[in-house]
Amino acid sequence: MSQVHNQRATPACRDCLHFENDPSVIEKEYPGLTAMSSGFASVRADDGLCRLHDLYLSSWDTCSSHARSPA
Amino acid sequence: LRNRFLFGQFDQSRTVPLFPFQDLKGYGRPRPGAAGARVGRDRRLSDVACGLTLVLLLVWRSQIRAIREGVPEANGAFSSLIWGWLWASGTSDREDAIPPSAGQAQARQRSRRLAKFRLDTPLKPTNHVGIVSEVTTTEDTVSPSAPGWKELWSKEDWWAVWLGLGTVIMAYAFFKGGSTISWLAVAPAKWSTLSQLGGQLYADAGRYVVQFVVFLVVLTPAAAFIGQKPKAFVPSFLFVYVLSLILFAAGNWDQANRYNLEPPLLGLALGLVISNLIGLPKWLDAGFRVEFYIKVGIVLLGATLPFTLIIWAGPVAIIQASIVSIVTFSVIFFVSRRLGLDRRLAAVLGAGGAVCGVSAAIAVAGAVRAKKEYAPIAISLVVLWAIVLIFVLPLVSRAMHLPAGVGGAWIGTSEFADAAGLAAAQTYGNLAGPETGIPGTPDQALAAYTLIKVIGRDMWIGIWSLVLALIAVTKWEKQEAGGRVQVSQIWWRFPKFIIGFLIASLLTTLIVHAYTLGDYNKLVKPGLIAPITALRTWAFTFSFLSIGLTTRVKDFVSAGRKPFLAFAVGAIVSIVLGFILSVLVFGPYWASTDL
């Protein structure tokens, strides 16, 4: 069973070097997305691609390979 | 139920107009035998007050959690709109402006304590791909780099709200000042010969130029904020505008119905031909913003729907849509699993087929931490089926002579994406009339469609995402990757343009209720509602054309046989079940012009 604890205990993917959630980049990665949706839609929240694990995930996720982005 | 609450009894003969303000007089008519019931303006006012109270309660409930979690929008923007800037006016810091409740104060203290703790906290144990599994509690706070206020200008949903409501407010300001924006909301009128068309286009040439410039001035900054380069957007939008004008004119040919020259279908077909056979430079995509245009159009559509209708018909729409969504999702999910597909792919496919198409697929992909290649599979299948259904659903509805409202309801229940569904609903609505024998009006089809699609399906994407994320973390992560579940995603993923849709409806309902039916038909309809309707149709036309222009077959990945099969089974179930509910179960309800 998953642990229930405070999110601030671990850094989030949104601050990770491997995480890419720029809507323009997402639209390029998923070319058909703009046909009937958008990278800039609210439903997408701030989800993005993890370049390390090749996953599409939420910006509030986290992992042991987290590498803080210099920005 | 509303009648029972308000008037102490249930009266099935009670009716509400389905399409915009069609029967204001009848709406306020006292029911026979309903002694003591509110009538006329009082009754309309009580309905609006009832609806407003419900919305405020819902907003307040959703706000509490978001405020606790430090969501800046929840700490001011939306509540300011709803509550009339009661608290937020003149303050830039919400925390200073609103005395925190005991719970909020505790949450803030806890956050401050944890801020220090966070820096030295070791990472949690992970699974084989290194993703930490956890469920964040409602007391948790978002990290400092959360999007926050940026959402208000970086998401196209919010831009649709600003532009749509801005248009409604501007239209009302002109109307109140004794003028109208009709001059600006120019559109081709009915014509029968090319010389007639040429004559009216020539006569209105100046208005079209001004209209284009105004569109450009309003849309370009919005496009720039959502990542489009203005120097690419301007020529691209010119291209879209000119083609849309041609489509608009073609649709108003008096023989258009005879040759099926409906602007949505024509726009889609033209766009598909241009993008797939002729080809366009990629930079022109800057102006082909399907979702942006459709959201602006839906907010404007809200201004032509009585708010009381949304409150009254909404529950039926939600029930109907929920039944189909849950069944369709279950079918796609279980067929996918039977075929041996990964459960995350099954969830993404199911959401795409059951909730709101591509938007739902991409939202759920993020919520369940899908593999990178899963979303494109769902996107390809949704777009393929949605385009097929744009043509098929109106065709079948026409063959069966379904009333416009019923056809709209069916399309709203079974189509996948907002833009595709609106194209189909508008196509079918335009067919209504004595020439075709299809009962109803175009607005009826749009109203029924929007109620089911927007209120019944789109609104719940955050809930779907949350539930699936919970399942992914608590059940699937034992064998696969896990992740975090944040309750506030219900708010983050909420399609915010729906807020604009509801506010626009509420605004015009409040404006209209002050007029008699005679004044409404004589003054309000031509001076306020008609220009908003014309601008709405422009926005929809931009979107329909953009669907075709952005649908490039070569861009779509091969979904594979198994995902295709699973999705196809779900689509068929959705279509059949949607037909049963829209036509056989709720048919009389959606067919009635007076609901």
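Residues numbered from 1 in each chain as written. Chains lettered and ligands numbered in written order. Predicted model: local features only at pLDDT ≥ 70, side-chain atom pairs only at ≥ 80, totals over all residues. Heavy atoms only, no water.

## Things to note about the overall build of chain A
Logical step 1: Scanning chain A for helices and strands turns up 2 helices and 4 strands.
Logical step 2: Put simply, chain A has 71 residues, and 66% of those count as buried.
Logical step 3: Split by element, the accessible area of chain A, about 2400 Å² in all, is 51% carbon and sulfur. (Helix = DSSP H or I, 4+ residues; strand = E, 2+ residues; numbered from the N terminus. Buried < 20%, exposed > 50% of the residue type's maximum accessible area, 1.4 Å probe, protein only. Areas by Shrake-Rupley, 256 points an atom, 1.4 Å probe, with all protein chains shown as cover.)

## Overview of the sheet that holds strand S2 (residues 19-20) of chain A
Logical step 1: The sheet built from 4 strands is open, its strands ordered S2(A)-S3(A)-S4(A)-S2(B) with antiparallel pairing. The sheet terminates laterally at S2 of chain A together with strand S2 (370-371) of chain B, the two strands that pair on one side only.
Logical step 2: Against the sheet, helix H15 (residues 343-367) of chain B engages strand S4 (55-57) of chain A together with S2 of chain B, with an angle of about 50° to S4 of chain A. (Pairing = 2+ DSSP bridges. Contact = heavy atoms within 4.5 Å. Axes fitted to C-alpha atoms, helices over the stretch in contact; angles between N-to-C directions.)

## Regarding the environment of Pro70 of chain A
Logical step 1: For Pro70 of chain A, the location among the structural elements is in the segment after S4.
Logical step 2: With 32 residues separating them in the primary sequence, Pro70 of chain A and Ser38 of chain A have C-alpha atoms 28 Å apart.

## Considering the pattern of salt bridges
Logical step 1: By the definition in use, this model includes 17 salt bridges over all chains.
Logical step 2: We note a salt bridge from Glu27 of chain A to Arg289 of chain B, for which the minimum N-O separation is 2.8 Å. In this pair, Glu27 of chain A sits in helix H1 (residues 23-29) while Arg289 of chain B sits in the loop between helix H12 (263-278) and helix H13 (290-302), so the two residues belong to two different chains. Comparing Glu27 of chain A with Arg289 of chain B shows no difference in burial state: the two are buried.
Logical step 3: A cluster of three or more residues bridged by salt bridges with shared partners is formed by Glu27 of chain A together with Glu156, Asp157, Arg289, Glu291 and Lys295 of chain B. (Salt bridge = Lys/Arg side-chain N within 4 Å of Asp/Glu carboxyl O.)

## What about the packing of aromatic side chains?
Residue and element names in this part refer to chain A.
Logical step 1: Under the criterion given, the structure shown has 32 aromatic pairs over all chains.
Logical step 2: When the centroid spacing of 5.8 Å and the interplanar angle of 55° are considered together, the rings of Tyr30 and Tyr56 count as tilted. Separated by 26 residues along the polypeptide, Tyr30 in the loop between H1 and helix H2 (33-36) and Tyr56 in strand S4 bring together distant segments of the chain.
Logical step 3: A relative accessible area of 1% means that Tyr30 is categorised as buried.
Logical step 4: We classify Tyr56 as buried; its relative accessible area is 0%. (Phe/Tyr/Trp six-rings, centres within 6.5 Å; stacked < 30°, edge-to-face > 60°.)

## Here's the deal with unusual backbone geometry
Residues and elements named next belong to chain A.
Logical step 1: The phi dihedral of Ala45 falls on the positive side, at around 50°, and the residue is not glycine.
Logical step 2: With respect to the helices and strands, the residue Ala45 is situated in the loop between H2 and strand S3 (48-50).
Logical step 3: Positive phi is not limited to glycine here, since Asp54 has a value of about 55°.
Logical step 4: Within the secondary structure, Asp54 sits in the loop between S3 and S4.

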